[in-house]
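Single-letter residue listing:
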Amino acid sequence: MFNKILVAYDGSETATNALNKAIEMKMTLKDSFLEVVHVFQMVTAVLGDAVLTAPIMVQDELYEAAEVIANEAKQQVAHLPFASATLLDGGPPAKVILNYADEHQFDLIITGSRGLGTFKELLLGSVSYEIVQHAKIPVMIVK
Ligand code: ATP
Ligand code: MG
Ligand code: MG
């Protein structure tokens, strides 16, 4: 049914639940491939017409934090055949994930409902919301 499963992982509690569900699902689907992605996004602020970028040292530190999250995911899938974890960059997480799913012909995206953001009133965070809104393939959102 699902042969290529893409998991969006940011290290949060619901993303961990999503990853665990994905692993369970993968084990029931013979010959399926699972890839976990974490997206690093540069920190920028728009001020009028100018786009301000955080100092390089701050970016470096954030990139290292992203590597830690990606490595966590790698460890989680290390015991599985046909599974991998990848650190992606190049833009806003939802866009990067949707493009990646398209380009590599995934047939299911699994995300957590919320992430590392602090505002928890809404059911979905902005990344999971944008993914489910724009994806051309089924999306599973795990709470
Ligand atoms: P917001 O970011 O809008 O403040 P939030 O952090 O609570 O809210 P989201 O960022 O939308 O919520 O996170 C929901 C899910 O989206 C996460 O559980 C994870 O599956 C995925 N996700 C979020 N950020 C990333 C990322 N940088 N890389 C990969 N997946 C991500
Ligand atoms: Mg977030
Ligand atoms: Mg956010």
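By the naming in an unreviewed UniProt entry, the protein chain goes by Universal stress protein and is assigned to Paenibacillus foliorum. Quoted verbatim from the Sequence similarities (unreviewed entry) field of the UniProt record, the comment on the protein chain reads "Belongs to the universal stress protein A family."

So, on to the environment of valine 51. Inspection of the secondary structure puts valine 51 in strand β4 (residues 50-53). Leaving out residues up to four positions away in the same chain, valine 51 has contacts with Thr44, Ala45 and Val46.

What follows covers the UniProt feature "domain: UspA" (unreviewed entry) in the protein chain. In this numbering, the UniProt entry assigns the feature "domain: UspA" (unreviewed entry) to residues 1-143. A distance of 23 Å separates the end C-alpha atoms of residues 1-143, which is 41% helix and 26% strand.

To continue, consider the pattern of salt bridges. One pass over the structure, following the stated rule, counts 4 salt bridges. With a shortest N-O distance of 2.9 Å, lysine 136 and aspartate 102 are connected by a salt bridge. Taken together, the residues lysine 136 in the loop between α4 (126-134) and β7 (139-142) and aspartate 102 in helix α3 (residues 93-103) connect sequence positions 34 residues apart. The exposure class of lysine 136 is exposed, given its relative accessible area of 71%. We classify aspartate 102 as partly exposed; its relative accessible area is 44%.

Conventions and cut-offs
- Residues numbered from 1 in each chain as written.
- Chains lettered and ligands numbered in written order.
- Predicted model: local features only at pLDDT ≥ 70, side-chain atom pairs only at ≥ 80, totals over all residues.
- Heavy atoms only, no water.
- UniProt positions renumbered as here; feature names shortened; annotations may be inferred.
- Helix = DSSP H or I, 4+ residues; strand = E, 2+ residues; numbered from the N terminus.
- Contact = heavy atoms within 4.5 Å.
- Salt bridge = Lys/Arg side-chain N within 4 Å of Asp/Glu carboxyl O.
- Buried < 20%, exposed > 50% of the residue type's maximum accessible area, 1.4 Å probe, protein only.

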